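Overview (structure and organization)
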Amino acid sequence: MRNRISSEEGRVNFVFRRDELLVEASSSVLPDSALCERIGLAAAALQPVWMETGSPYRTACVDPGLEAPEGYAFKKLRSLFGVFDDEGMALAGRAYQIAEWARTHRFCGACGTLAERVAHEFCLRCPACGLAAYPRISPAMMVLIRKGDSILLARHANGPAARYTALAGFVEPGESIEQTVHREVYEEVGLKVGNLQYFGSQPWPFPNSLMVAFTADYVSGDIRIQEDEIADARWFGPGDEMPDIAARISIAGWLIRANLPMGWTAP
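First things first, this report covers the structure right here in the doc. Within each chain, residues carry numbers counting from 1 in the order of the written sequence. Predicted model: local features are reported for residues with pLDDT of at least 70 only, side-chain atom pairs are reported and counted for 80 or more only, and whole-chain, interface and lining totals are derived from all residues. Note: side-chain values were computed over all heavy atoms of the structure, leaving out hydrogens and water.

1. Some thoughts on the packing of aromatic side chains
Two rings from Phe, Tyr or Trp (for Trp, the six-membered ring) form a pair when their centres are within 6.5 Å of each other. A pair whose planes differ by under 30 degrees is stacked, one over 60 is edge-to-face, and the rest are tilted. Per the counting criterion, the structure on display carries nine aromatic pairs. For the pair tryptophan 101 and phenylalanine 122, a centre-to-centre distance of 6.2 Å together with 75° between the ring planes defines the contact as edge-to-face. Here phenylalanine 122 lies in the loop between β6 (116-117) and β7 (124-125) and tryptophan 101 lies in helix α2 (residues 86-104), a separation of 21 residues in the sequence. A connected cluster of aromatic rings, assembled from ring pairs, spans Phe81, Trp204 and Phe206. It is lysine 147 that lies over the ring of tyrosine 218; its NZ or CZ is 4.5 Å from the centre. The ring of tyrosine 186 carries the charged tip of lysine 192 above its face, separated from the ring centre by 4.6 Å. Per the convention used, a helix needs a DSSP run of H or I reaching at least four residues, while a strand needs a run of E reaching at least two, with both numbered from the N terminus. Any Lys NZ or Arg CZ that is within 6 Å of a ring centre and within 35 degrees of that ring's normal is treated as a charge sitting over the ring.

Encoded structure:
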């Protein structure tokens, strides 16, 4: 059974070393305030995860060289999929993005002055020139292409796991999300698509993304992969052997499972 996010006190502290979360090694319980102080993380250094008064959730980044105290471990946030429940993983993902925003925007990007936290919103403002920095959210599209009874699945060249999944890519300046779908599909596999249908969205902290998923119908072209992005791309249909596909925790997993070829089943 997957765990809810918890700590040994009322306050819930997310402590990140880059993309690793500090948890009790055996139970994945988060550190309490006493432990945070013991590793040099004062209460003032912890950022609120939500703006609501009285919210118990706090987050911070520590030095990359910091070792976990005895009984605790820094675990990759991705490795905690299946350990925390869905609500807990979403909360941890939000905490990670807030902590990274605070870490990477300590100084004004225009004049270098130490930025100040705005009390009523997630904003770091420069007291010298007024530049405001908000947590970065990068929209990205995901699309599952259908051709008759088959679907197109691809294995990304630089993905963390050798799984087949839907195509995906970040929105570029001046693009609508629909334009991104058409551009990325053509760039990555050389195909033209149509009949885009919205499927759903998911915040995804690897890194700072909002994944917006679609289905689309094949229109024309032969598969021609962009080798620096795609290791393999193929049509899969009824009677084909099912490859290892994206995990259910991600919107890619939901999207594929909602459009499995006849005869396929997936946990």
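2. Digging into the side chain of arginine 58
Along the chain, the position of arginine 58 falls in strand β4 (residues 57-61). In protein, a polar contact requires one atom able to donate a hydrogen and another able to accept it; more generally it is a pair of N or O atoms within 3.5 Å, and residues adjacent in sequence count only if both atoms are side-chain atoms. Looking at arginine 58, its side chain comes within polar contact range of the main-chain oxygen of serine 55, at 2.9 Å. Throughout, a residue-residue contact means that at least one pair of heavy atoms, one from each residue, lies within 4.5 Å. Other than its neighbours up to four places away in sequence, arginine 58 contacts Arg11, Val12, Asn13, Phe14, Leu46, Gln47, Pro48 and Val49.

3. Focus: the pattern of salt bridges
The rule for a salt bridge is simple: a side-chain nitrogen of Lys or Arg has to be within 4 Å of a carboxyl oxygen of Asp or Glu. For the structure on display, the rule yields ten salt bridges. Note that arginine 183 is salt-bridged to glutamate 175, the shortest N-O span being 2.4 Å. We classify glutamate 175 as partly exposed; its relative accessible area is 21%. A salt bridge links aspartate 232 to arginine 234; its shortest N-O distance comes to 2.8 Å. Think of it in three bands: residues with accessible area under 20% of the maximum for their type are buried, residues over 50% are exposed, and the middle band is partly exposed, with areas taken using a 1.4 Å probe on protein chains only. Taking relative accessible area as the criterion, aspartate 232 reaches 18% and is therefore assigned buried. The exposure class of arginine 234 is partly exposed, given its relative accessible area of 39%. Three or more residues joined by partner-sharing salt bridges are found here, namely Glu172, Glu175, Arg183, Glu184 and Glu187.

4. Here's the deal with the environment of histidine 156
Considering the arrangement of structural elements, one finds histidine 156 in strand β10 (residues 150-156). Classification of histidine 156 as partly exposed rests on a relative accessible area of 22%. Sequence spacing of histidine 156 and glutamate 188 is 32 residues, and the spatial spacing of their C-alpha atoms is 9.9 Å. When near neighbours in sequence (up to four residues on either side) are disregarded, histidine 156 contacts Thr165, Ala166, Ala168, Glu188, Glu229, Ile230 and Ala231.

5. Here's the deal with the sheet that holds strand β2 (residues 20-24)
In a beta sheet, neighbouring strands pair by backbone hydrogen bonds and run either parallel or antiparallel. Any two strands with at least two DSSP-identified bridges between them are counted as paired. The mixed open sheet is built from five strands, whose spatial order is β3-β4-β1-β2-β5. Only two strands of the sheet have a single partner each, and these edge strands are β3 (47-48) and β5 (72-76). Here five bridges tie β2 to β5, and the two strands are oriented antiparallel to one another. When the sheet's bridge partners are listed, valine 23 is paired in β5 with alanine 73. To get an axis, a line is fitted to the C-alpha atoms, and for a helix only the part in contact is used. The angle between two axes follows their N-to-C directions and goes from 0 to 180 degrees. Relative to the sheet, α2 contacts β1 (12-17), β3 and β4, its axis offset from that of β4 by approximately 50°.

6. So, the sheet that holds β6
If you trace the three strands from one edge of the open sheet to the other, you get β6-β7-β8, paired in antiparallel fashion. Every other strand in the sheet has two partners, leaving β6 and β8 (132-133) as the edge strands with one partner each.

7. Some details on helix α3 (residues 177-189)
In an α-helix, one turn spans 3.6 residues, which is why side chains three or four residues apart end up on the same side. Helix span, expected: 1.5 Å multiplied by one less than the number of residues in the helix. The terminal C-alpha atoms of α3, which comprises 13 residues, lie 18 Å apart, in line with the 18 Å expected from a rise of 1.5 Å per residue. Restricting attention to buried positions, one finds in α3 the residues Ile177, Thr180, Val181, Arg183, Glu184, Val185, Glu188 and Val189. In the core, the buried residues of α3 are packed alongside β9 (138-147), β10, β11 (167-170), β12 (192-204), β13 (209-220) and β14 (230-236).

8. Notes on the nonpolar core
Phe14, Phe16, Leu21, Leu77, Met142 and Leu153 are the most contacted members of the largest nonpolar core, which totals 37 residues. Breaking this core down by element, the ones donating at least two residues are β1, β2, α2, β9, β10, β13 and α4 (251-257). For leucine 77, the residues in contact, after removing those within four places along its chain, are Phe16, Asp19, Glu20, Leu21, Met89, Ala92, Gly93, Tyr96, Pro205 and Phe206. Residues Met141, Ala154, Leu167 and Ala233 belong to the second largest nonpolar core, which totals 17 residues. Only buried residues count toward a nonpolar core, which is a set of Ala, Val, Leu, Ile, Met, Phe, Trp, Tyr and Cys residues joined through side-chain atoms within 4.5 Å.

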